[in-house]
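Chain residues, written in single-letter form:
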Amino acid sequence: MTKRYVFGSPIETDAILCKPDAEIWQDGRLSFQDNALSCEMEDEEIVYGLGQAVRGINKRGWIYESNCTDDPRHTEDKHSLYGAHNFLILDGESKTGIFVDTPSRVVFDIGYTESHMLRIVPQTPDFELYLIQGETPDEIVRQFRGLTGRSYIPPLWAFGYGQSRWSYCSEEEVRQVVKNYRENHIPLDSVYLDIDYMERYKDFTVDQERFPDFGAFVEEMKRERIHLVPIIDGGVKKEDGYEVYEEGKEKGYFCKDEQGEDFVLGVWPGRCCLPDMLNEEAGRWFGRKYRILLDQGIDGFWNDMNEPAIFYSEQGLREVFEKIDEYRNQNLDIQTFFAFQNMVAGISNNPKDYASFYHNYKGEKYCHEKVHNLFGYYMTRSAAQALEELSPDKRILLFSRASYIGMHRYGGIWQGDNNSWWSHLLLNIKMMPSLNMCGFLYTGADIGGFGADVTEDLLIRWLSFGVFTPLMRNHAAQGTREQEAYRFESRELMRNVIGVRYLLLPYLYSEFMKAALGDGMMFRPLGFLYGDDPVARRVEDQLLVGDSIMIAPVYEQNAVGRMVYLPETMKLLRFRGGQVLEEAVYQKGHVWVEMPLGDVCVFLKKNRILPLSEGGEHVAEVDFENLKLYSFGEDVKPYDYYTDDGESRACELAGMKTLAG
Ligand code: GLC
């Protein structure tokens, strides 16, 4: 049961598709005072949610801020990442889902100031509140997703393994990457084109020198069964004669500053203007530009820098230079020096800048900071709507960095600029279920880590988890160690681990589609299914993946195995050296399981089926019909197997096959 409450005059976000009638607020489990919602949490109560956020599956013990932020250091002292996902579930004696719908900041103090208190403080007094009651967290998620709409579904090829780097700078470089993968028989389906494919970072252009015949190159790659996926940035280069800029300027499609002039900010191309993604007409215009690449055979995109990231604003830069001139001849005392240092470090993503430009949203003028969390959402929505118009039958891959609740209808997200740290592999694991709760099913992190130098063992362990995440992409930053799988000594292990993805593909795709079409989750914390088991409820580093299996990834360097908690009888299936080994059946309880580097372990539930294919070097090679079914138990439940052509937009659960063990 869902109840909706309206406080003040909220700005519509379009997160919710079907709104129940609003009710009059009365304090109940939550009370409302001084523009804060609060409630006491029971000792054993678990708080799930907040989508893209630091820390645990159980969010208790920290203070989070919902504020889309371009911050490449996802350390545990942070409060915000790229997405704004204001959805929580309190799982105690009773279960309550809470969604705070507002496009500006919200603070969630979940037992940080007072260990038993949850306090939710929206930045403004104008917001909508949804309270959802249910018997189980799963049921609450399903109700929530019923309100927010069906999750985005990518084409099947996008479930293959992808290689990315900032940046492959030329046709030749991309060719080499593909050649190396193919020669080493390491599976691969896509290569990502980061900003350097463009002509001086101008959206919807391709550098003519380095990619002289882009259309022909895209086709050449398609013959190799490789999809190229270019990046699209939120800012448009301010350059006379550049068509996209000229058109946007002439039509008044850019965000405006206080004086009504186009707001100027610095991002990759230098000075840029921001298309007003929130403005329907401007969004439609920007979305239709994707056609330029679509016409050259491209069938996937990643949208970036759309928090939006502001390296500097023209105004901010001016002020800093003025201040520097002032400081230049002073003998700086230490406090002044720190102020000077902070001023320079604070040029980027400065709150002052976010308060200095305007949108025309639903016919009204809004200061950006009031609608900040909607920018990435609307950029991706504009792209998705245009892509649906341009490619009405065939699905197009689309994912974004920034997002808000509701964006899951239009695209996936990746988890942004993580680092090659073991702790970020663990963060990736913990974030999957909270993103799934919000409908972001097509998601994954930069495998191997984006910033910093990866080690071979970290890459193998990360791949061993990444084989389960719908978006399985290895991506790394400029200047870091090259981390393509073929570059390492243990290529054989890399091949086998990545190969596991292709064995699992029929199961993963089927489970993904059932979650998408049935408003469910593909990755769930153990507590969702074994809520009565106090041990299972506290497990933070194991996940249920679909209906048949549990995983317990290794995320520590030099580990050769780990303790695993079995919430019920399960059988260990071990992928090793291209083989599937059926190992011990474990009873409920803790057990030590050996997991040497290169092994991928799954724990199969009793009386459930895990269908596996024979694998392949790319998705088109995988046979989704001839499957080997793994199961154990006396009462094996038939498996609901979803397959389709992998590209039509029309998909439905009706007509699913049943596989009997
Ligand atoms: C941002 C993106 C990253 C990309 C880089 C260059 O940091 O998050 O994935 O590689 O920009 O485009």
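Residues numbered from 1 in each chain as written. Predicted model: local features only at pLDDT ≥ 70, side-chain atom pairs only at ≥ 80, totals over all residues. Heavy atoms only, no water.

(A) View of the state of the cysteines. All chains considered together, the criterion is met by 0 disulfides. Its sulfur unpaired, Cys-169 is 19 Å from the next cysteine sulfur, which belongs to Cys-272. (Disulfide = S-S within 2.5 Å.)

(B) Representation of the site of the ligand. Taken together, the neighbourhood of the ligand is formed by 13 residues, with Asp-194, Asp-304, Arg-401, Asp-417 and His-475 sitting nearest. The separation between an oxygen atom of the ligand and a polar side-chain atom of Asp-304 is 3.1 Å. Within the side chain of Arg-401, an N or O atom sits 2.9 Å from an oxygen atom of the ligand. Bound to the protein, the ligand loses 97% of the 310 Å² it would expose on its own. Of the residues assigned to the shell around the ligand, the class counts are 8 nonpolar, 1 polar and 4 charged. (Near = heavy atom within 4 Å. Polar contact = N/O pair within 3.5 Å; in protein donor to acceptor, adjacent residues only side chain to side chain. Areas by Shrake-Rupley, 256 points an atom, 1.4 Å probe, with all protein chains shown as cover. Nonpolar A, V, L, I, M, F, W, Y, C, P; charged D, E, K, R; others polar.)

(C) Quick peek at the pairing of strand 35 (residues 579-586). Across 6 bridges, the pairing between strand 34 (residues 570-576) and strand 35 is antiparallel. Considered in strand 35, the bridge of Leu-573 is made with Glu-582. (Pairing = 2+ DSSP bridges. Helix = DSSP H or I, 4+ residues; strand = E, 2+ residues; numbered from the N terminus.)

(D) Region of interest: the sheet that holds strand 5 (residues 46-49). If you walk across this open sheet you meet the 6 strands as 2-1-12-9-8-5, and the pairing is mixed. Taken across any chain shown, the strands that pair with only one partner, and hence form the sheet edges, are strand 2 (22-23) and strand 5. Sheet strands touched by helix 1 (residues 137-148): strand 1 (2-7), strand 8 (87-91), strand 9 (95-101) and strand 12 (127-133). Its angle to strand 12, the strand with the most contacts, is close to 140°. (Contact = heavy atoms within 4.5 Å. Axes fitted to C-alpha atoms, helices over the stretch in contact; angles between N-to-C directions.)

(E) Quick peek at the packing of aromatic side chains. Applying the stated rule across the entire model yields 46 aromatic pairs. Aromatic pair Tyr-639 and Tyr-641: ring centres 6.3 Å apart, planes at 40°, arrangement tilted. Tyr-641 carries the same exposure label as Tyr-639, and that label is buried. Counting every residue linked through ring pairs, the aromatic cluster contains Tyr-152, Phe-159, Tyr-192, Trp-302, Phe-399, Trp-414, Tyr-442, Tyr-509, Phe-512 and Tyr-642. Directly above the aromatic system of Tyr-192 lies the positively charged group of Arg-473, at a separation of 4.8 Å from the ring centroid. (Phe/Tyr/Trp six-rings, centres within 6.5 Å; stacked < 30°, edge-to-face > 60°. Buried < 20%, exposed > 50% of the residue type's maximum accessible area, 1.4 Å probe, protein only. Lys NZ or Arg CZ within 6 Å of the ring centre and 35° of its normal.)

(F) Examining the pattern of salt bridges more closely. For the coordinates displayed, the defined rule picks out 54 salt bridges. Here Arg-175 ties to Glu-220 by a salt bridge, and the two come within 2.6 Å at their closest N and O atoms. On the criterion of sequence distance, the pair formed by Arg-175 in helix 2 (residues 171-183) and Glu-220 in helix 3 (residues 214-223) is long-range, its members being 45 residues apart. Judged by its relative accessible area of 25%, Arg-175 falls in the partly exposed class. Through salt bridges with shared partners, a single ionic network connects Asp-70, Asp-304, Glu-307, Arg-401 and Asp-417. (Salt bridge = Lys/Arg side-chain N within 4 Å of Asp/Glu carboxyl O.)

(G) Examining the pairing of strand 6 (residues 62-66) more closely. Within strand 6, 4 of the 5 residues are buried, which leaves it mostly tucked inside the rest of the structure. Of the strand pairs in this sheet, strand 6 and strand 10 (residues 106-110) are connected by 5 bridges, and their pairing is antiparallel. Directly across from Trp-62, in strand 10, lies its bridge partner Ile-110.

(H) Just the packing of helix 7 (residues 314-328) against helix 8 (residues 334-345), in detail. At a minimum axis separation of 11 Å, helix 7 and helix 8 run at an interaxial angle of 155°. By the criterion of interaxial angle, the relationship of helix 7 to helix 8 is roughly antiparallel. The interaxial crossing formed by helix 7 with helix 8 has left-handed handedness. Taking contact as the criterion, the partners of Val-320, Lys-323, Ile-324 and Tyr-327 in helix 7 are, on helix 8, Thr-336, Ala-339, Phe-340, Met-343 and Val-344. For the contact of helix 7 with helix 8, the class distribution of residues is 7 nonpolar, 1 polar and 1 charged. (Parallel < 35°, antiparallel > 145°, perpendicular 65-115°, else oblique. Left-handed = near helix turned anticlockwise from the far one by under 90°.)

(I) Seen up close, unusual backbone geometry. Trp-166 connects to Ser-167 through a cis peptide bond whose omega is -5°. With respect to the helices and strands, Ser-167 occurs in the loop between strand 13 (161-163) and helix 2. That bond from Glu-307 to Pro-308 is cis: its omega, -5°, falls within 30 degrees of zero. Relative to the assigned elements, Pro-308 resides in the loop between strand 20 (300-304) and strand 21 (312-313). Even without glycine at this site, Leu-50 takes up a positive phi of about 65°. With respect to the helices and strands, the residue Leu-50 is situated in the loop between strand 5 and strand 6. The class of Leu-50 is buried, set by a relative accessible area of 6%. At Asn-349, a position not held by glycine, the phi torsion is positive, near 50°. Mapped onto the fold, Asn-349 is located in the loop between helix 8 and helix 9 (351-354).

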